[in-house]
Amino acid sequence: MEREHENKHLGGMRNVWIISGAMAILALCYTMLVPFLPVYLLELGVENDRVALWSGAVFGITFFIAGVMAPIWGKIADARGKKMMAMRAGFAIALSYIIIGLVMDPWQLLLGRAFQGFANGFYPAAMTMVSLSVSEDKVGKALGIFQTALILGNIIGPFLGGTVESFVGMRPVFYIAGGAVCFATLLVVFFVKEPNMAMVEAKNSGKAEEIANTNIDQTISFENNTASGVVKKQSSTSIFDDFKAVKKQSVLVQLLWIFFFMQCAIMMLQPILALYIGHVQGTMESAAIVAGSILSIGGLAGAVTTNLWVRLGQRKGYFRTISFCLLGTGVALLLQSLPLGIWWFGALQILVGSFIVGVNPSLSAAVTLNTNPAFRGRMFGMTTTAQQFGSMVGPVFASIVSTYIGFSYVFGFTGVLMLYLAWKNSYLSKAHD
C-alpha cells in the first residue's frame, strides 16, 4: 500500500514509459528531417556551391538559440512545473515543423529553424520528470528506458524520413512530423502525472539533509504547507545566480564539461562519416548508404547494451560506469582512425555504439543524485545548454581538422579526448561512487 501511495504521487513507471514513448517520437521526427535539410535547401533554390554554407547556418542557429534558452526554460520548469514546460515545448516544436514545411526561401527556413531552437525544452523537462517519477533506487532503470527510447527514435528516423520523402516529397515530411509531435505531446497532457514535490522531498529526506549544506540549496527555500500537503517553492535567484551556485559544486561543473565534450565528439564524427567512408573505400559511390547502415548497426548495438550499463551503474556506481564507457569508446575510435577497410571500421562502430550509449544515462543519473529535486529542472537545462554548445563547436572543429590535416585525425583526436575524459572522471568515481 505504501508503494502504491508513493507511485500515485510520483507518477511511477507509467510516467517513465509514456514520457519515453513521447521522447522517441520527437527523436524520430528530428532525425527523420535533419539529414535532408541540404536537399530541402536545394528545393528552395540554393545553388550547389552554397548549400554547405546554408546548411551550417540552418543547423547552427537552432543549436545556438536552444543553448541560450535551455537554462531559462529549466528555471521556468522548476517554478511552474515540468509537465507544463514539456507541453509548451512539444506544441511549439510541432508548430515549428509546420512553419518550416511552408517556407519559400532559405531565409525563411533560417527563421523557422531559429524558432525551433527557441521552442526547444522538451528534453530537459522530460528528463527531469523521469528522474522525479521514481524513487532514487530506480532512477538508473528509468533513465535507461528513456535513453533506449531516444536511441530507437534516432535509429528509425533517418530510414523512415528517406522512405517517406522518396514517395511524397520533402514538404509533406515536415507536416507529418508536426502531427506526430503534436500527438506525442497530447500523450503527455492526458496520461503523465506531474510528480508531487512534497513526496519527492520526503522520499529523499536523507539525501536532502546531506545536500542541505550545499550552495545550491542556499539559493532555494521551501515552505511546507501542511494543510494542502504541497511544497511551495520560493526562488528569487537569477540564471546568473544559478550558474554561480553550480560553479561552487565541482562535481556538477565536471559533469557539465563531460556533457559538452561528449556532444562535441558525437557532432565531430557525424558530419564527416560519409566522407570518411568514401575516403576508406576509395570512392564516394554508395558512401552515404554504407555510412547510414553502419550508424544504424552501431545504434542497434547501443540499444541492446543500454540496460546493461544502467545495471552496472546501479551496482558499481555511475561515475565508474561513465569512466569505463568513455575508455571503451576512446580505444575503439583510435582503432577506427586506422584506414584498414570498411569491415574493420563497421565492426569497430558496433563497439563504439555499445560503449558510448552507456555514458548519457549514467551522466543523467549522476546529475540526479547530486542535485536537489527542486533545482533539477534548472540543472538539466544547463546540461542541455552544454550539449547544444557542444553541437555547435564539434562540427566546426571537425571541418577544420579534416580540411587541413585529414579525416582519420578527427577520429584519432576524438578517441584521445574520450580517454582524457575517462581519466578525469576516474577521480569523480573515487570521490562519489
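Report follows, based on the coordinates. Along each chain, the written sequence defines residue order, and numbers are assigned to residues from 1. It should be noted that, the model being predicted, local features are given only for residues of pLDDT at least 70 and side-chain atom pairs only at 80 or more, the latter also being counted only at that level, while totals for whole chains, interfaces and linings use all residues. The side-chain quantities take in all heavy atoms of the structure and omit both hydrogens and water.

A look at the overall build of the protein
Alright, step 1. Comment: elements are numbered from the N terminus, with helices defined as DSSP H or I runs of at least four residues and strands as E runs of at least two. Of regular secondary structure, the protein possesses 21 helices and two strands.
Alright, step 2. Residue contacts are counted whenever heavy atoms from the two residues lie within 4.5 Å of one another. Pairs at least 24 apart in sequence give 83% of the contacts found in the protein among residues at least 6 apart.
Alright, step 3. Surface accessibility in these figures is a Shrake-Rupley result with a 1.4 Å probe; residues are shielded only by whichever protein chains are displayed. Carbon together with sulfur atoms contributes 67% to the accessible area of the protein, which is approximately 18,900 Å² in total.

Structural notes on the packing of helix α5 (residues 82-102) against helix α6 (residues 106-119)
Alright, step 1. Two numbers describe how α5 lies on α6: the axes approach to 9 Å, and their chain directions differ by 170°. One element, α5, and the other, α6, form an angle in the roughly antiparallel class. In this structure, α5 contributes R88, A89, A92, I93, L95, S96, Y97, I99 and I100 to the contact, and α6 contributes L109, G112, R113, F115, Q116, F118 and A119.
Alright, step 2. Classes in brief: Ala, Val, Leu, Ile, Met, Phe, Trp, Tyr, Cys and Pro nonpolar; Asp, Glu, Lys and Arg charged; the others, Gly included, polar. Partitioned by chemical class, the residues of the contact of α5 with α6 number 11 nonpolar, three polar and two charged. Geometry is summarised by axes, namely lines fitted to C-alpha atoms with helices restricted to the contacting stretch, and by angles between N-to-C directions that run from 0 to 180 degrees. Angle categories: roughly parallel below 35 degrees, roughly antiparallel above 145, roughly perpendicular from 65 to 115, and oblique for all the rest.

What to know about the packing of aromatic side chains
Remark: the centre distance and the inter-plane angle together describe each pair of aromatic rings, the angle taken between the planes.
Alright, step 1. A pair of Phe, Tyr and Trp rings is counted when the ring centres sit within 6.5 Å of each other, with Trp represented by its six-membered ring. The angle between the planes then sorts it: under 30 degrees is stacked, over 60 is edge-to-face, the rest tilted. Counted according to the given criterion, the structure contains 12 aromatic pairs.
Alright, step 2. Geometrically, the ring pair formed by Y40 and F174 is tilted, given 4.8 Å between the ring centres and 40° between the ring planes. Of this pair, Y40 sits in helix α3 (residues 37-43) while F174 sits in helix α9 (residues 170-191); the two residues are 134 residues apart in sequence, bridging distant segments of the chain. Each member of the pair, Y40 together with F174, is buried.
Alright, step 3. With centroids separated by 5.8 Å and ring planes inclined at 85°, the aromatic side chains of W257 and F260 adopt a geometry described as edge-to-face. Separated by three residues within a single helix, W257 and F260 lie in helix α14 (residues 250-269), roughly one turn from each other. Classification of residues uses two cut-offs on accessible area relative to the type maximum, computed with a 1.4 Å probe and protein chains only: under 20% is buried, over 50% is exposed, and between them is partly exposed.

Quick notes on a nonpolar patch on the surface
Alright, step 1. There is a patch of nonpolar side chains on the surface, built from L327, V331, L335, L338, L340 and W344 and spanning about 500 Å² of accessible area.
Alright, step 2. Of all the elements, helix α17 (residues 318-336) adds the most residues to the nonpolar patch, at three residues.
Alright, step 3. Summarising the element assignment, V331 is placed in helix α17.
Alright, step 4. Residue classification places V331 among the partly exposed positions, given a relative accessible area of 40%. Nonpolar side chains (Val, Leu, Ile, Met, Phe, Trp, Tyr) within 5 Å and like charges within 9 Å form the patches, drawn only from residues with over 30% relative accessible area and no salt bridge. Salt bridges are identified by distance alone: a Lys or Arg side-chain nitrogen within 4 Å of an Asp or Glu carboxyl oxygen.

Quick notes on the environment of V310
Alright, step 1. Structurally, the position occupied by V310 is in helix α16 (residues 287-316).
Alright, step 2. For the pair formed by V310 and I145, sequence separation is 165 residues and the distance between their alpha carbons is 9.3 Å.
Alright, step 3. Apart from residues lying up to four places away in sequence, V310 is in contact with G140, K141, G144, Y318 and P361.

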